[in-house]
Number of protein chains: 2
Amino acid sequence: MNKDTIEILNKQGIKATKQRVFLYEILKKQEKPLTAEEIYFLAKKEINSFNLSTIYRILDTFVKKKLVVKYKLDIDEKFHFEIIREKHRHYLLCICCNQIIPISDCPIEKYEHDIAEQTGYVIVDHNLEIKGICPNCQGPYGIH
Amino acid sequence: MNKDTIEILNKQGIKATKQRVFLYEILKKQEKPLTAEEIYFLAKKEINSFNLSTIYRILDTFVKKKLVVKYKLDIDEKFHFEIIREKHRHYLLCICCNQIIPISDCPIEKYEHDIAEQTGYVIVDHNLEIKGICPNCQGPYGIH
DNA sequence: AATGCAGATGCGAATAGTTCGCATCTGCAT
DNA sequence: ATGCAGATGCGAACTATTCGCATCTGCATT
């Protein structure tokens, strides 16, 4: 069990159980958001008894403590979970093969100020996903 | 039954049934996307036997024929449906009262070109929602 | 106007991801 | 080592959406 992870969890007032530490570390490694089920299969490889409800519950705890964000992508019906980093990310989704890749920067931040002025809203967050066809799927053998 | 609507539907090869015409006209009036259930309640007021499965099926037909777009918003678990207009729209969502208001223009279109160059993707679409607290909910009686 | 038929609708059951209730178990303070 | 609050495992419940099938409707044809 990684000491750093335990410390991060404790700092948030989260009891560092085996499942929680493991789940946090899975998420930390990812370059893209994962579904609860994807996490489940990764988790099962290492810890035999790891229940899907538990995964949902742990993820919700992480979301409440602002360690993780939870959202849906337009490619399917499932929630995706992603560890919160210093800079938030947006993703580019391939509509053919469902590949998910991060986009380097966020074009919305500057725009939020204008929106706030126009509407009187206090802006707190935003979602952006861009959909396209990846180089692989464009090729002669791509499925369109 | 509105002649214009019937013509629009026929032009897409959609048989203009009472339910379809009515549903199209409900959507046309809206300034914000509706859920199937919201449409159901509006529809029930006028046409007594109007089934929820039928609404979903009609909406799917409209989506296939590119008359309507279907997507989820971050405020709940439900699909939202919106008639397709010349200019696509994005929405500002109040995280307190779930108000949905349209944003005047789209800051992403110019950005898509850069993304395409950086990644080799052919960009086909994007989603954007901005979340905030509306003027009403900011007030002294707002629920935060 | 009556008829026939492809396709649309109504109804109820099925589906799938997520959440919940409850009994058992675990991490941690003592 | 012990006790207990809170975490987990398991199965059932929940909800938006979809599907299967019997009935009905719009429309072309007569």
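What counts and how
- Residues numbered from 1 in each chain as written.
- Chains lettered and ligands numbered in written order.
- Predicted model: local features only at pLDDT ≥ 70, side-chain atom pairs only at ≥ 80, totals over all residues.
- Heavy atoms only, no water.
- Helix = DSSP H or I, 4+ residues; strand = E, 2+ residues; numbered from the N terminus.
- Contact = heavy atoms within 4.5 Å.
- Areas by Shrake-Rupley, 256 points an atom, 1.4 Å probe, with all protein chains shown as cover.
- Lys, Arg positive; Asp, Glu negative; His and termini not counted.
- Charge placed at Lys NZ, Arg CZ, Asp CG, Glu CD.
- Axes fitted to C-alpha atoms, helices over the stretch in contact; angles between N-to-C directions.
- Left-handed = near helix turned anticlockwise from the far one by under 90°.
- Nonpolar A, V, L, I, M, F, W, Y, C, P; charged D, E, K, R; others polar.
- Buried area = accessible area lost by both parts, 1.4 Å probe.
- Salt bridge = Lys/Arg side-chain N within 4 Å of Asp/Glu carboxyl O.
- Buried < 20%, exposed > 50% of the residue type's maximum accessible area, 1.4 Å probe, protein only.
- Pairing = 2+ DSSP bridges.
- Phe/Tyr/Trp six-rings, centres within 6.5 Å; stacked < 30°, edge-to-face > 60°.
- Lys NZ or Arg CZ within 6 Å of the ring centre and 35° of its normal.

A. Looking closely at the overall build of chain A. For chain A, the count of helices and strands is six helices and six strands. Ordered by position in the sequence, the α and β elements of chain A form the string α-α-β-α-α-β-β-β-β-α-β-α. Principal-axis analysis of the C-alpha atoms places the extent of chain A at approximately 50 × 45 × 25 Å. Taking all contacts inside chain A whose residues are at least 6 apart in sequence as the whole, residues at least 24 apart take part in 46%. Approximately 8,300 Å² of chain A is accessible, and the part contributed by carbon and sulfur atoms is 50%. Distance between charge centroids for chain A: 9 Å, based on 22 positive and 20 negative side chains.

B. Inspection of the packing of helix α3 (residues 36-46) of chain A against helix α4 (residues 52-64) of chain A at higher detail. All names here are of chain A. Where α3 meets α4, the axes come as close as 10 Å, and the angle between the chain directions of the two elements is 115°. Considering the relative orientation of α3 and α4, their crossing is right-handed. Contacts between α3 and α4 involve Ala36, Glu37, Ile39 and Tyr40 on the former and, on the latter, Leu52, Ile55, Tyr56 and Leu59. In the contact of α3 with α4, the residues fall into seven nonpolar, no polar and one charged.

C. Highlighting the interface of chain B and chain A. Taken together, the contacts link 36 residues of chain B with 37 residues of chain A. Together, Tyr111, Tyr121 and Asn127 of chain B form the three largest contributors to the area buried by chain B at its contact with chain A, with a combined 22%. Applying the counting criterion to the chain B and chain A interface returns four salt bridges. Elements with a contribution of two residues or more to the side of chain B that touches chain A: β4 (90-94), β5 (100-103), α5 (109-119), β6 (122-133) and α6 (135-138) of chain B. No other element matches the 12 residues that β6 of chain B contributes to the side of chain B that touches chain A.

D. Region of the structure containing the pairing of β4 of chain B. Residues and elements named next belong to chain B. Burial analysis of β4 places five of its five residues in the buried class, which makes it a mostly covered element. The alternating pattern of β4 places His90, Leu92 and Cys94 on one face and Tyr91 and Leu93 on the opposite face, and all of these are buried. Summarising the sheet, β4 and β5 pair through four bridges and their orientation is antiparallel. Directly across from tyrosine 91, in β5, lies its bridge partner proline 102.

E. A look at the sheet that holds strand β4 (residues 90-94) of chain A. Taking strand neighbours across the sheet as the criterion, the six strands line up as β5(A)-β4(A)-β6(A)-β6(B)-β4(B)-β5(B) in an open arrangement whose pairing is mixed. Each end of this open sheet is capped by a strand with a single partner; those strands are β5 (100-103) of chain A together with β5 of chain B. Strand-to-strand twist of the sheet, defined as the mean angle between neighbouring strand axes without regard to direction, takes the value 25°. Looking at chain direction, β4 of chain A and strand β6 (residues 122-133) of chain A are connected through four bridges and run parallel. In the strand pairing of β6 of chain A, leucine 93 of chain A is matched with lysine 131 of chain A. Strands in contact with helix α5 (residues 109-119) of chain A are β6 of chain A together with β4, β5 and β6 of chain B; relative to β6 of chain A, the strand with the most contacts, it is inclined by about 125°. Against the sheet, α5 of chain B engages β4, β5 and β6 of chain A together with β6 of chain B, with an angle of about 125° to β6 of chain B.

F. Fine view of the side chain of glutamate 112 of chain B. Its place among the elements puts glutamate 112 of chain B in helix α5. One buried charged side chain, glutamate 112 of chain B, makes no salt bridge at all; its nearest oppositely charged neighbour is lysine 131 of chain A, positioned 9.8 Å away. Residues within four places of glutamate 112 of chain B in sequence aside, it is in contact with Ile123, Asp125 and His126 of chain B.

G. Molecular detail of the packing of aromatic side chains. Residues and elements named next belong to chain B. Following the criterion strictly, the structure yields six aromatic pairs over all chains and no others. Arranged with centres 6.5 Å apart and planes meeting at 45°, the rings of phenylalanine 22 and phenylalanine 50 form a pair that is tilted. Highlighted residues: phenylalanine 22 in helix α2 (residues 18-29) and phenylalanine 50 in the loop between α3 (36-46) and α4 (52-64), separated in sequence by 28 residues. Owing to a relative accessible area of 17%, phenylalanine 22 belongs among the buried residues under this scheme. Owing to a relative accessible area of 3%, phenylalanine 50 belongs among the buried residues under this scheme. Its end group placed over the ring of phenylalanine 79, lysine 72 keeps NZ or CZ at 4.5 Å from the ring centre.

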